[in-house]
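# Structure at a glance
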Amino acid sequence: MNQALNGFMKSGSDKRITIGMIPSGTGNDWARYHNIPNDFIRASEIIANNKTKPHDIGLVISSDKTEERRYFMNMAGIGFDSVVADRVNILKESGKAGTASYFKTIIKSLVSAKSDPYTITLDGIEFNRDVFSMSIGICSYNGGGMKQAPDAIFDDGLFDVVIINTLSWWGIVTNLPKLFSGSHVKHSAVEVFRAKNIKIETSDKNFLETEGEVFTGQPYKLEILPNAVDVLVP
């Protein structure tokens, strides 16, 4: 879906696009948010019904010399999220990807996980944090069912920004189940913001992922594009 979205948005066409999905991926998180079933026939029927809703999308611009652009319509992540995405992509390239491999990668990544200093600017307001993980959601789910941005609304013209600050290794492990219910946002180490424009500055080793696709060239600038596409959903 991410590749299709980027193909359309970078094509230079001024036509408005409509996107439907028959889920066949590992996580299917965007489909989960919109209650699109994994069943091929039922998902096809949703497309055939031709009922659309406008949907926000996010634009990421790398701030290096290339100023590369990338679009997404579910979630972006940096820190722990991007480390997992990068390792899963390596598994995919070797033909070893799958749900079991994905969760095994999450556990292995926790062993070496740590926080890094970030300078974050949200709609012009700058602050510093030691960040373990930062999720930028248009929708709620990421990582195969983790409800990382539980209150995200796909058409409100805002990113939901969820920052998990420094936690001990034991604190990360014991609170991991809360990511699946969305209750992690109540933890004292977690902060939630909403913003239209975001800038993230951190070390060169920290890359951003957009729906599992790794993106480099920080500092990163993110902009919400309200109701930019139409989607076929229940």
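A brief structural summary. Position numbers for residues count from 1 along each chain, tracking the sequence in the order it is written. In view of the model being predicted, local features appear only for residues whose pLDDT reaches at least 70, and side-chain atom pairs are presented and counted only at 80 or more, with totals across whole chains, interfaces and linings using the full set of residues. As a rule here, side-chain values come from all non-hydrogen atoms in the structure, and water together with hydrogens is ignored.

### As for the nonpolar core
Definition in use: In this description, a nonpolar core means a group of buried Ala, Val, Leu, Ile, Met, Phe, Trp, Tyr and Cys residues linked to one another through side-chain atoms lying within 4.5 Å. Each residue's exposure class comes from its accessible area (1.4 Å probe, protein chains only) as a fraction of the maximum for that residue type: buried when under 20%, exposed when over 50%, partly exposed otherwise. Runs of H or I in DSSP of at least four residues are treated as helices and runs of E of at least two as strands, each being numbered from the N terminus.
Residues Met134, Phe159, Ile198, Ile200 and Leu222 are the most contacted members of the largest nonpolar core, which totals 46 residues. Ranked by the residues each element gives to this core, the list is headed by strand β12 (residues 220–232), at 6 residues. Counting 12 residues, the second-largest nonpolar core is a separate cluster that includes Met75, Phe132, Ala152 and Leu176.

### So, the pattern of salt bridges
Applicable threshold: We define a salt bridge as a contact between a side-chain nitrogen of Lys or Arg and a carboxyl oxygen of Asp or Glu at a distance within 4 Å.
The final tally for this structure, using the stated rule, is 4 salt bridges. For Asp29, the salt bridge is made with Arg32, and the minimal N-O distance between the two is 2.8 Å. Of this pair, Asp29 and Arg32 both sit in helix α2 (residues 29–33), 3 residues apart, which is roughly one turn of that helix. The class of Arg32 is partly exposed, set by a relative accessible area of 34%. For the salt bridge of Asp160 with Arg194, the shortest nitrogen-to-oxygen distance reads 3.0 Å. Within this pair, whereas Asp160 is found in strand β7 (residues 159–165), its partner Arg194 is found in strand β8 (residues 190–195), the two being separated by 34 residues in sequence.

### Quick notes on unusual backbone geometry
The step from Gln218 to Pro219 runs through a cis peptide bond, and the omega angle for that step is 10 degrees. As for its placement among the helices and strands, Pro219 is situated in the loop between β11 (213–215) and β12. Positive phi, close to 55 degrees, is recorded for Asn28, a residue that is not glycine. One can find Asn28 in the loop between β1 (18–19) and α2. Although it is not a glycine, Glu211 adopts a positive phi angle of roughly 55 degrees. By the element assignment, Glu211 lies in the loop between β10 (208–210) and β11.

### Here's the deal with the packing of aromatic side chains
For the record, the criterion: When the centres of two rings from Phe, Tyr and Trp lie within 6.5 Å, Trp using its six-membered ring, the rings pair. Their planes under 30 degrees apart give stacked, over 60 give edge-to-face, and anything left gives tilted.
Counted under the stated rule, the structure contains 4 aromatic pairs. Measuring from centroid to centroid gives 6.0 Å for Phe72 and Phe159, while their planes differ by 15 degrees, and the two rings are stacked. Residue Phe72 is found in strand β3 (residues 69–72), and its partner Phe159 is found in strand β7; the two are separated by 87 residues along the sequence. Arranged with centres 6.0 Å apart and planes meeting at 55 degrees, the rings of Phe215 and Tyr220 form a pair that is tilted.

### Concerning the side chain of Glu209
What counts here: Only four residue types enter the tally: Lys and Arg on the positive side, Asp and Glu on the negative side; His and the chain ends are excluded. A 3.5 Å cut-off defines polar contacts: any pair of N or O atoms within that distance qualifies, except that in protein one atom must be a possible hydrogen donor and the other a possible acceptor, and neighbouring residues in sequence count only when both atoms are side-chain atoms.
Within the secondary structure, Glu209 sits in strand β10. No salt bridge is formed by the buried Glu209; its nearest oppositely charged neighbour, Arg70, is found at 8.9 Å. Of note is the side chain of Glu209, whose polar atom sits 3.3 Å from the backbone nitrogen of Glu211.

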